[in-house]
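Single-letter residue listing:
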Amino acid sequence: MNSGTPSSSAAGAGSADSTAPRRNSKRPKYSRFTQQELPACKPILTPKWVIGTFLLVSVIFIPIGVVSLFASRDVVEIVDRYETDCIPEALRNDKVGFIQSDRSKTCQRTLRVPKNMKQPIYVYYQLDNFYQNHRRYVKSRSDQQLRNNGSLQDTGPCKPEDNTAGGPIVPCGLIAWSLFNDTYGFTRNNQQLNVSKRDISWKSDREHKFGKNVFPRNFQNGTLRGGATLKPNVSLSEQEDLIVWMRTAALPTFRKLYGKIEVDLQRDDFINVTLENNYNTYSFSGKKKLVLSTTSWLGGKNDFVGIAYLTVGGLCFFLALVFLLIYLIKPRQLGDPSYLSWNRNPSGH
Amino acid sequence: MKRYVYINDDNLAKDIYCDNRISNRKYTILNFLPKNLWEQFSRFMNQYFLLIACLQLWSLITPVNPASTWGPLILIFAVSSSKEAWDDYNRYLLDKKANEKEIWIVRQGIRKLIQAQDICIGNIVWLRENDEVPCDLLLLGTADPQGFCYVETAALDGETDLKTRSIPSACMGIDVDLLHKIKGVIECPSPNKDIRRFDANMRLFPPFLDNDIFPLTIKNTLLQSCYLRNTEWACGVAVYTGNQTKLGMCRGIAEPKLTAVDAMIDKLTGAVFVFQIVVVIVLGIAGNVFKDKQGRKLWYVQYPKEGPWYELLVIPLRFELLCSIMIPISIKVSLDLAKSLYAKFIDWDVEMVDPETGIRSNAANQAISEDLGQVEYILTDKTGTLTENKMIFKRCCISGRFYGNESGDALTAKVGQFHTRHYPKMKKPLYVLLLVCAWFWRIKTEIFLILTSMHLQCNMKYLTLWSSHLTGKECLWWLGNAKAGNFSSCQKEQMKLFFLLPILIVSGQQVRTFAEAVEQYAQMGLRTLCLAWRKLEEDEYQEWTSMFKEANSTLVDRERRVAEVCQRLERDFEILGVAAIEDRLQEGVPETIEILRKAGINFWMLTGDKMSTAIQIALSCNFVSPEPKGQILIIDGKTEDEVCRSLDRVLLTTRITESESKQDVAFVVDGWALEIALKHYRKPFTELAILSRTAICCRVTPSQKAQLVELLKLCDYRTLAIGDGGNDVRMIQQADIGVGISGREGLQAARAADYSIGKFRFLKRLILVHGRYSYNRTAFLSQYSFYKSFLICFIQIFFSFISGVSGTSLFNTVSLMAYNVFYTSVPVLFSVLDKDLSERTVMQHPQILFDCQSGRLLNPSTFAGWFGRSLFHAIVVFVITIHSYAFEKSVMEEVAMVAVSGCIWLQAFVVALETNSFTIFQHLAIWGNLVGFYAINWIVSSIPTSGMYTIMFRLCEQPSYWITMILIVATGMCPVLALKYLRYTYRPSRINLLQQSERLGGPILSSGIIEPKSRSSLDKDIPTDSVYEPLLSESPSATRRSAGPTQRLDSVQSQSPPHSTHTRKDN
């Protein structure tokens, strides 16, 4: 497959050397680069190569697909959608009214564990139709302020949640202001299940993005109340719920880590969840789900990768077969001169 | 419009005229920035980017940091400004060197050494041997007692031989010491750029001479930048200084040429712009609708109830900014870099170095290499371009006897022998004439009459001769004593001669023989020279000389009057003989023309020669296939009607032959008929020009050459003009591509041209190799640039649908900027090394150039292919990314980085798939770029303050990241590969077929090889004169031909009057 050897240039160079150069005749330096004669590999698409490639892809992809699918299937996941069920039936006509009222919003849910779940079990809350990636929203934060104690006034991008009468808001901006405030408590067989809220955020965020000596100020003091409040005497780097929330999601459907259950759950265990349904997703008909999930080497439960791999692998195998069949049934010699026409307007292309 | 120069007057001239400070600079320090910026912003693309960059400063609408546009924009501007600044600085340095050179001048009667820039008009400047002339001088005195000096004018017109300059007759005999004090006035035209004319006169004040007016010509001048040679010293008075010298006026900034590819890219850019506007409008409306229907319900976004007045515009403008990357900011930089490399490859090519002279080819214009691959018409000069311009004295006819045969090398000696024996009387004038012709070989005169005066003696001293030109264009008057030594040096040059058209005004029986001889020699493709003489009586000569002098010193209409005077002598000649000179074809000309014609390029030959010579040359260099395949149709006629009829006939024939068979039709037209055709029958002539693949235009003037180029350009053809002499300059500048041959006629053409080559045969390599590769590479490079921009832009658009159509950018500033400027620009730049076919294959199958000519690799449909591919790839990247990074993994920064990585991986494979030949550089660029991508992102990810802190490290640890990458590549590339394979195997393009056979050693290569023909001698290959029998028997030349020699003579005779009237009218 290698060609592109220099042709007659050597001869030309030799004969030219003998004559004395005249005006503007500095002879160009000869090198394979300047003569565009670098040794080059010139692959062409022969049937052998192409069919081989497709076969190879399918041979690699199908096992990976199977493995991924198994990994995904191994993950045990409990999803409980609760935003409607947690409103008393009588009040379901005016969900927004209910959520904005001062009534008790405590709600009891019971989850059945379908399979054995090994610890750690991750507790997520999932929001649907929540645009954390909305342009007004995603920009409404001040990383400076979150990081440094001295940058209290750095509330430029935070509008409209930047200042109150009492001074700048820390943490400012719409993201922090709309912090998710549903809470969950778990019991199994009337025993408290501990939900660890430590290390649920990224370590790098705790150490470098949220300051150890930055404390909340004027937070949720305004006329308009958003989401959760923060403990005033805990530094931002320890407010892990806030840190998790402020890692904005790229999709309108997302899960955020609430905590970890660090004990194994047995099949057919019943888990009682006591939840405070505080967060308003009713204005924009968003869904709220509680998710308990184990994890695999690929992450959470996600069949997409496995199915995609199997599909691509299968298609490649199919293509390889088709090409092989065409090749066998209708062999065509590459570079056949009979196809070479110099007609200026060929029908092709 | 005259200027008066007072010699040696220090007080007068200073203020009126500029000093001798030369300035080639475009800018000064103060105006550099505004002027340069203004120039750059006069381009549409730059205006667009500036607008985008300004909009980005509005933080309400900008999706990313303004740096993502400002950065590249400033970079691009800085690069091109600093290039300009560097060029200008170099020009300044050169100017400074020239300006500060020390020159001897006379001030207040004393010789002084001053800097060149302080020379004023009227100063007397002294030069020594080998000095450079600092400004335009009028020669006053030289070391030579006869008043001659020699100059090398290479810098001015490229001619390397020495030229003689003489002092005006008025200054003859003035003592050297008195030259300091000379006073007088010179009346000369205002500064102009004509380096061949200086129509002025001079009056010296007493005591030197009386108030007599003396004519001055260019022969009396020393022009700036020439060198004084072989003369001990010379002095002259400054007449033009600084930028007003002839050289200074000649300098001009050439209009930048736009290639077809550039025009296509501009058109596509326009289309993309329209598409972008449509997208922006659609998304803007969608965004506003979403905002009102949904957005206001999203309490966490806190839309204010009442927005400002421009509220409706905010979302569309955001999308405009988001989509602005659709037009790649990097394309101009990439293309400029690629183009300068193409030009370098031409400069570097050792196969295009003339082995005889060592002259290398040079691309003066770096920007138009792609056009070389799209040439459709080549207009070529004949002498010096197709031929060697080395005149060899082949045959002659003296007093009715023919001398010379096939191997006519020793001819001159033989003629001498014969002649001494038979016509001892005649020998001397004939020889003198030939030698004089040799002396003037440089001058392109068509007729050359030489009268020897009474004083002609063996030593050839005091010889007065002058030539006049049939067309009256150039008249040369030369008086003085020619040194015998100069003549002998000319002899060595092997009789380089121009030819003469015979005007046989003389009556007598001898004429017929000579007319036959002329005809016969012309048929052999030789240039003929008719030599005649007449004895002048002393008083007749004196009378004529004074008339000539008078005519020669007029300022107005000098040429015409001189021509009139010359005509008075052109009578009653005795014909001495006819000399025939061969101008051999250059090596490789027929093969080159054959290959290029096979490549679908149409050839037009434009020459000043006469018809029969031109046709012979055309036949011998494969312009026209010989009978029966080829046909030559002649358009002629003296009056409008005749030309019109002739043109109609030719057009009709051409239409018929063109439609029914593959016959080779060429038409021949002479300058006279062409003039009429262009003036009155432009439409039919244009149609003929389009139909006929070949044309031979003889007896055309430089401006007609340029007109023909213009005609073809108006028909939307890509034209290439090639020539070697000053008369081709206009054509070369007019054409899309001008190629100059650095030949014997100097470098004038080569200087004006975009490309200069040493020999005509290099043209095929220039077009088929360099032009073709450049076109292919640029086609890929430009479309790829759009592809990668579309890819990332589509992802942004898709993302906007899942982000509430609010105009959020998925990618951060750093990624966007680096994506355009770095990740996707570097690997593709190395596609300038890509070769789809080897040079050998292209040479064997020149027809492959069709694909380039018809723009098959870059047109709206190929562009649509790339557009579709980018859409598909964007869907692949986007869908896979948001599905595999869903739910708990859907962190904004991670998703963005996965999508960017997916794009980078895909584009690496796209470049790899589209590369035809991988050199080590391509491998390094493509795969090294991937490594570079990760390296850069790791660095960025390790900066705690950056938004991407730790992102890349986290991703690289995740198996799902790598699995996603593999999935993206396979999903994106498999369909592309499958389609390409199917097309490649089952519907291959011609390029594919040749690739296959080239690399698998297929049968095509073994069959279609064009054997280089052995060099054909002119005498042998030319068939009889029946070859150019006109098709229609009623055509005047047909009857003429069949009627035999007597008639032929008539035709020759009858041809001359219109010519002369025509030319007289011209003047």
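Residues numbered from 1 in each chain as written. Chains lettered and ligands numbered in written order. Predicted model: local features only at pLDDT ≥ 70, side-chain atom pairs only at ≥ 80, totals over all residues. Heavy atoms only, no water.

Looking at the interface of chain B and chain A
- Each partner contributes residues to the interface: chain B has 115 residues there, and chain A has 107 residues.
- Both sides of the chain B and chain A interface together cover about 9700 Å² of buried area, and 64% of this is carbon and sulfur.
- Among the residues of chain B in contact with chain A, B:Trp299, B:Tyr300 and B:Tyr981 are the three that bury the most area, contributing 9% of the side total.
- Inspection of the region where chain B meets chain A yields 2 salt bridges. (Contact = heavy atoms within 4.5 Å. Buried area = accessible area lost by both parts, 1.4 Å probe. Salt bridge = Lys/Arg side-chain N within 4 Å of Asp/Glu carboxyl O.)

Looking at the packing of helix α3 (residues 44-56) of chain B against helix α4 (residues 67-99) of chain B
All names here are of chain B.
- Taken N-terminus to C-terminus, the directions of α3 and α4 make an angle of 145 degrees; their axes are 9 Å apart at the nearest point. Read as a crossing pair, α3 and α4 show a hand that is left-handed. Taking contact as the criterion, the partners of Asn 46, Phe 49, Leu 50, Ile 52, Ala 53, Cys 54 and Gln 56 in α3 are, on α4, Ser 68, Thr 69, Trp 70, Leu 73 and Phe 77.
- Residues that form the contact of α3 with α4 fall into these classes: 8 nonpolar, 4 polar and no charged. (Axes fitted to C-alpha atoms, helices over the stretch in contact; angles between N-to-C directions. Helix = DSSP H or I, 4+ residues; strand = E, 2+ residues; numbered from the N terminus. Left-handed = near helix turned anticlockwise from the far one by under 90°. Nonpolar A, V, L, I, M, F, W, Y, C, P; charged D, E, K, R; others polar.)

Some words on the pairing of strand β2 (residues 102-107) of chain B
All names here are of chain B.
- Relative to strand β3 (residues 110-115), β2 is paired through 6 bridges, and the arrangement is antiparallel. The residue bridging Val 106 from the neighbouring strand is Arg 111, located in β3.
- Hairpin connection from β2 to β3: 2 residues lie between these consecutive antiparallel strands, with Gln 108 at a positive phi of about 50 degrees.
- Sheet analysis places β2 next to strand β4 (residues 124-128), joined by 3 bridges and oriented antiparallel. Looking at the pairing, Trp 104 lines up with Trp 126 of β4. (Pairing = 2+ DSSP bridges.)

Description of the sheet that holds strand β1 (residues 2-7) of chain B
Residues and elements named next belong to chain B.
- In space, the 4 strands of this open sheet follow the order β1-β8-β9-β10, with antiparallel pairing throughout. A strand with exactly one partner marks an edge of an open sheet, and here the two such strands are β1 and β10 (213-216). Pairwise comparison of adjacent strand axes, ignoring direction, gives a mean angle of 25 degrees for this sheet.

Structural notes on the UniProt feature "transmembrane region" (unreviewed entry) in chain A
- When the UniProt feature table is mapped onto this chain, "transmembrane region" (unreviewed entry) is found at residues 49-71 and 307-329 of chain A.
- The distance from the first to the last C-alpha atom of residues 307-329 of chain A is 32 Å, and the span holds 100% helix and 0% strand. (UniProt positions renumbered as here; feature names shortened; annotations may be inferred.)

A look at the sheet that holds β2(B)
All names here are of chain B.
- Taken in spatial order, the 6 strands line up as β3-β2-β4-β13-β5-β11 in an open sheet, and their pairing is antiparallel. Edge strands, defined here as strands with exactly one partner in the open sheet, are β3 and β11 (221-222).
- Bridge count for strand β5 (residues 136-142) against β11 is 2 bridges, and the pairing is antiparallel. Each bridged residue has a counterpart across the sheet, and for Leu 137 the counterpart in β11 is Leu 222.

A short note on a nonpolar patch on the surface
All names here are of chain A.
- Among the surface-exposed residues, Leu 55, Phe 317, Leu 321, Leu 324, Leu 325, Tyr 327, Leu 328 and Ile 329 lie close enough to one another that they form a single nonpolar patch of about 760 Å² accessible area.
- Ranked by residue count, the leading element in the nonpolar patch is helix α9 (residues 304-329), at 7 residues.
- Within the secondary structure layout, Phe 317 lies in helix α9. (Patch = residues over 30% accessible without salt bridge, like charges linked within 9 Å, V, L, I, M, F, W, Y side chains within 5 Å. Areas by Shrake-Rupley, 256 points an atom, 1.4 Å probe, with all protein chains shown as cover.)

Thoughts on unusual backbone geometry
Residues and elements named next belong to chain A.
- The linkage connecting Gln 119 with the following residue, Pro 120, adopts the cis geometry, with an omega of 0 degrees.
- Tracing the sequence through the fold places Pro 120 in the loop between β4 (106-112) and β5 (121-128).
- In this chain, Lys 159 is followed by Pro 160 through a cis amide linkage whose omega measures 0 degrees.
- The topology assignment puts Pro 160 in the loop between α5 (143-147) and β6 (163-164).
- Phi at Gln 36 is positive, roughly 55 degrees, even though this residue is not glycine.
- Of note, Gln 36 is situated in the loop between α1 (9-17) and β2 (40-41).

Focus on the packing of aromatic side chains
- By the definition in use, this model includes 68 aromatic pairs over all chains.
- With a centroid separation of 5.4 Å and an interplanar angle of 65 degrees, the aromatic rings of B:Tyr48 and B:Phe49 are classed as edge-to-face. Across this residue pair, the class does not change: B:Tyr48 and B:Phe49 are buried.
- Here B:Tyr48 falls in the buried class, since its relative accessible area comes to 4%.
- Seen from the ring of A:Tyr258, A:Lys197 lies directly overhead, with NZ or CZ sitting 3.4 Å from the centre. (Phe/Tyr/Trp six-rings, centres within 6.5 Å; stacked < 30°, edge-to-face > 60°. Buried < 20%, exposed > 50% of the residue type's maximum accessible area, 1.4 Å probe, protein only. Lys NZ or Arg CZ within 6 Å of the ring centre and 35° of its normal.)

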